[in-house]
Amino acid sequence: MIGTTIINIFQNVWPMVFIFTTIIVSMRVTYLLKHHTTFYLYKDLMILGFIIYILCLFHVVTFQDVSWSTSNFIPFREMFRYEFGTGLFIRNVIGNMLMFLPFGFFVSYFLQLDKTWMMVLLSLITSTCIETTQLVIGRVFDVDDIMLNVIGGIAGYLVYRILVSIQDHLPTVLKKPLFYNIIMVIVLILILSYLYMIIESGV
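Below, the structure is looked at part by part. Being a predicted model, the structure only gives us computed values, none of them experimental.

### Re the side chain of Ser123
1) Next: Looking at where Ser123 falls in the secondary structure, it is placed in helix 4 (residues 116-136).
2) Next: If near-sequence neighbours (up to four positions away) are discounted, Ser123 is found in contact with Phe100, Phe103, Asn149, Val150 and Gly153.

### Digging into the packing of helix 3 (residues 87-111) against helix 5 (residues 143-168)
1) Next: Closest axis-to-axis distance for the helix 3/helix 5 pair is 6 Å, and the angle between their directions is 45 degrees. By the criterion of interaxial angle, the relationship of helix 3 to helix 5 is oblique. In the packing of helix 3 onto helix 5, the handedness of the crossing is right-handed. Where helix 3 approaches helix 5, its residues Asn92, Val93, Asn96, Met97, Met99, Phe100, Leu101, Gly104, Phe105, Ser108 and Tyr109 are matched on the opposing element by Asp145, Leu148, Asn149, Ile151, Gly152, Gly153, Ala155, Gly156, Tyr157, Val159, Tyr160 and Leu163.

### Quick look at unusual backbone geometry
1) Next: Even without being a glycine, His36 presents a positive backbone phi close to 55 degrees.
2) Next: When you line up the elements, His36 lands in the loop between helix 1 (2-35) and helix 2 (41-63).
3) Next: Since its relative accessible area comes to 68%, His36 is described here as exposed.
4) Next: A positive phi angle, close to 50 degrees, is found at Gln112, a residue other than glycine.

### Describing the environment of Leu45
1) Next: In this structure, Leu45 sits in helix 2.
2) Next: We classify Leu45 as partly exposed; its relative accessible area is 22%.
3) Next: With 122 residues separating them in the primary sequence, Leu45 and Gln167 have C-alpha atoms 19 Å apart.

### Topic: helix 4
1) Next: Spanning 21 residues, helix 4 covers 30 Å between terminal C-alpha atoms, matching the ideal 30 Å at 1.5 Å per step.
2) Next: Those residues of helix 4 that sit buried are Met119, Ser123, Ser127, Ile130, Glu131 and Gln134. Viewed end-on, helix 4 has its buried residues packed into an arc of 90 degrees, placing them on one side of the element. For helix 4, the exposed residues set more than 90 degrees away from the buried face come down to Trp117, Ile125 and Val136.
3) Next: Close packing links the buried residues of helix 4 with helix 2, helix 3 and helix 5.
4) Next: Taken from the residues just after helix 4, Gly138 is the one with a positive phi, measuring 95 degrees.

### Here's the deal with the pattern of salt bridges
1) Next: Applying the stated criterion across every chain yields a total of two salt bridges.
2) Next: Asp44 is paired through a salt bridge with Arg28; the nearest N and O atoms lie 2.9 Å apart. Of this pair, Asp44 sits in helix 2 while Arg28 sits in helix 1; the two residues are 16 residues apart in sequence, bridging distant segments of the chain.
3) Next: Residue classification places Asp44 among the buried residues on the basis of a relative accessible area of 17%.
4) Next: Arg81 is paired through a salt bridge with Glu78; the nearest N and O atoms lie 2.8 Å apart.

What counts and how
Residues numbered from 1 in each chain as written. Predicted model: local features only at pLDDT ≥ 70, side-chain atom pairs only at ≥ 80, totals over all residues. Heavy atoms only, no water. Helix = DSSP H or I, 4+ residues; strand = E, 2+ residues; numbered from the N terminus. Contact = heavy atoms within 4.5 Å. Axes fitted to C-alpha atoms, helices over the stretch in contact; angles between N-to-C directions. Parallel < 35°, antiparallel > 145°, perpendicular 65-115°, else oblique. Left-handed = near helix turned anticlockwise from the far one by under 90°. Buried < 20%, exposed > 50% of the residue type's maximum accessible area, 1.4 Å probe, protein only. Expected span 1.5 Å × (residues − 1). Arc of directions from axis to C-beta. Salt bridge = Lys/Arg side-chain N within 4 Å of Asp/Glu carboxyl O.

Now the structure itself:
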């Protein structure tokens, strides 16, 4: 279910992602060549990953079909409507949490957040903006989505805090940019391998 959703999203957004990535990478390379600044691969990959995530998020919240649903302004009504473990539960409950987990992680990383309430506020503002925009453009508003998005944002924040805690206990040699670059390359390879496996399996 989740694998299918991911592939469907990338099948629709890859042209936009390809164009944006080409523009951003070419501008970044030009900047580095012109100003001779220090290049940190892991930092640039984090920025690029966040941009790609935002592009995918924009597609999900503005273009996916919602003809099967209606607006909901009553808390918990929609999320308790689905039987636990069913496809609809995974799509609408788990999916809405997972959708904002990267948001929580990326925002926490870039802002170096150390307070949970900050992530709650940022997730609440962003999700409310998304739901309100959906209502205005003829889609649906769901207060449950906002709550689930906030939970997802908090989960991403907690992942970030756990990684920071691990980082604090690493030996000095493992805190160097080269180590982070290697980690980011490994993560990128794993993500691409996962996507390739899903496509090859015909999901």
